[in-house]
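Structure at a glance
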Amino acid sequence: MAGSTPASLSAEAPAAAPAARKARRFSPWQEAWRRFRRHKMALVSAFALLVIVFAVLAGPFIWPVPINEIDFAAKLQGPSALHPLGTDDLGQDLLSRLIYGGRISLAVGVAAMVVAIFFGVLIGAIAGMASGAVDAALMWVTDLFLSLPQLPLLLLVIYLFREPVKGVLGVEGGAFVLIVAVIGGTRWMPAARLVRAQFLSIREKEFVEAARALGASRLRQVMMHILPNAMGPVIVVATIDIAAAIIAESTLSFLGLGFPSDVPTWGSVLRDAKDYLDIAPHWALFPGALIFITVLAINFIGDGLRDALDPRRVL
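Positions within a chain are numbered from 1, following the residues in the order the chain's sequence is written. The predicted origin of the model limits local features to residues at a pLDDT of at least 70 and limits the giving and counting of side-chain atom pairs to 80 or more, whereas totals for whole chains, interfaces and linings rest on all residues. Derived side-chain values reflect all non-hydrogen atoms in the structure, with water molecules and hydrogen atoms excluded from consideration.

1. Things to note about the overall build of the chain
Put simply, DSSP H or I for four residues or longer makes a helix, DSSP E for two residues or longer makes a strand, and each gets a number counted from the N terminus. Each helix and strand in the chain was counted, giving twelve helices and zero strands. For the chain, the α and β elements follow one another from N to C terminus as α-α-α-α-α-α-α-α-α-α-α-α. Of the contacts formed within the chain by residues at least 6 apart in sequence, a portion of 70% connects residues at least 24 apart. Within the structure as shown, the chain displays about 17400 Å² of accessible surface, and the carbon and sulfur contribution to it stands at 69%. Here, residues are in contact when the closest pair of their heavy atoms is within 4.5 Å. The protein chains shown are the only cover counted for residues, whose accessible areas, like all others here, come from Shrake-Rupley with a 1.4 Å probe.

Below, the structure written as structure tokens:
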């Protein structure tokens, strides 16, 4: 119609733009999950690890075969309907023993990681917030522990304290506490150095300076502003520590310095199988495969978390 003003196509844009922006808005954890999903190997590894965890937790209810049930007539048998993973030299079912041992190996890995991350974050935070002699002394202690050979140190501590701890906490409880303490006590140093570096960087940021100017105490600065922003790399280190702890526990059990011989773990089952590799390779294959898959899956998950929690990485 002549003289009429055509409707502007951009007239509705201001109303539509907020809705579009609202639809694209993600929380930090949603953004991290979106980034993590793009790492296909990390996603597959997370599924594989969940399957293993579910198997070792629910396995005794699905496969209620006693771990110490001896059947000499079925010794060294390969996988079958009665024994899906075969049997050992005493005719004991390997599936039930690996399910039981998986709970121990995973529990040791998680507990040792908690110990290592706790002390690493504590020492790194104190060093990062302090200055001068305190920082230098803590980093000197950290460098000292880093220079010690881990495996000989593990063996020495186990030899010295195994019997006293078992006398106080019992055979299995003492072995668990000692192994967790030894592994966690030799894995806190990388976390401490990483947390210190994060604290030295974040404490100079503008939002921390603003909190300091408003009168926030040092504890409030650490708990409310610095530590939450430093936890991304720490989570990645925690996943790596779980894998390292599982390998360390398997190594100690393989050497006969872990849990008692009648308590199956993945490492002890692998140790018992070493003399039968030529006639019963399945005995060593399955625990070795479980250790390999679990550690590999945890490492891939850590790689995915590193990409997901790194704000500077563009995906």
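2. Quick notes on the environment of Ile183
With respect to the helices and strands, Ile183 occurs in helix α7 (residues 171-185). Considered as a pair, Ile183 and Leu153 are 30 residues apart in the sequence and their alpha carbons are 9.9 Å apart. Beyond its immediate chain neighbours, meaning those up to four positions away, Ile183 contacts Val108, Ala112, Leu154, Ala245, Ala248 and Glu249.

3. Some points on the layout of surface pockets
Lining residues are those with an atom within 4 Å of a point, where the points come from a 1 Å grid over the protein atoms alone and group into cavities, where a 1.4 Å probe fits but cannot get out, or pockets, open sets with protein on both sides within 12 Å along at least five of seven lines. Grid points are joined across faces, edges and corners, and a volume is the space filled by probe spheres set on the points. Its boundaries defined by the atoms lining it, the second largest pocket holds a volume of some 280 Å³. What lines the second largest pocket is a set of 14 residues, and nearest its centre among them are Leu49, Val53, Val110, Ile242 and Ile298. Taken together, the elements giving at least two residues each to the lining of the second largest pocket come down to α3 (40-62), α4 (94-129), α10 (218-254) and α12 (281-308). For the lining of the second largest pocket, the leading source of residues is α3, giving six residues.

4. As for the nonpolar core
Throughout this description, the term nonpolar core refers to a set of buried Ala, Val, Leu, Ile, Met, Phe, Trp, Tyr and Cys residues connected via side-chain atoms within 4.5 Å. To sort residues, take the accessible area from a 1.4 Å probe on protein chains only and compare it with the maximum for the residue type: under 20% means buried, over 50% means exposed, and anything in between is partly exposed. Formed by 44 residues in total, the largest nonpolar core has its most connected members in Ile117 and Phe199. Looking at this core, the elements that each hand over two or more residues are α2 (28-37), α3, α4, α8 (189-202), α10, α11 (266-273) and α12. With eleven residues, the top contributor of residues to this core is α10. Leave out the neighbours within four places in its chain, and Ile117 touches Ala191, Val234, Val237, Ala238 and Asp241. Core analysis: the second largest hydrophobic core is formed by 17 residues, Ile104, Leu154, Leu178 and Leu257 among them.

5. What about the packing of α10 against α12?
Relative placement of two packed helices is described by the angle separating their axes and the distance separating the axes. Here the axes come from fitting lines to C-alpha atoms, over the contacting stretch only for helices, and the angles between their N-to-C directions go from 0 to 180 degrees. Where α10 contacts α12, the two axes come as close as 8 Å, and the packing angle between them is 165°. In terms of orientation, α10 lies roughly antiparallel with respect to α12. The two elements α10 and α12 cross, and the hand of that crossing is left-handed. Across the interface between the two elements, Ile235, Val236, Thr239, Ile242, Ala243, Ile246, Ile247 and Ser250 from α10 touch Ile291, Thr294, Val295, Ile298, Asn299, Gly302, Leu305 and Arg306 from α12. The labels follow the angle: roughly parallel below 35 degrees, roughly antiparallel above 145, roughly perpendicular from 65 to 115, and oblique for the rest. Should the near helix be turned counterclockwise from the far one by less than a right angle, the crossing is left-handed, whereas a clockwise turn marks it as right-handed.

6. Details of α7
To estimate the expected span of a helix, subtract one from its residue number and multiply by 1.5 Å. Relative to the 21 Å expected for 15 residues at 1.5 Å per residue, α7 spans 21 Å between its end C-alpha atoms, a close match to the ideal helical length. Of the residues making up α7, those classed as buried are Gly174, Ala175, Leu178, Ile179, Val180, Val182, Ile183 and Gly184. In this structure, the buried residues of α7 make contact with α4, α6 (150-169) and α10.

7. Some points on α11
Counting buried residues along α11, six of its eight residues qualify, which places the element largely inside the surrounding structure. All buried positions along α11 are accounted for by Trp266, Gly267, Ser268, Val269, Arg271 and Ala273. On its buried face, α11 sits against α3, α4, α10 and α12.

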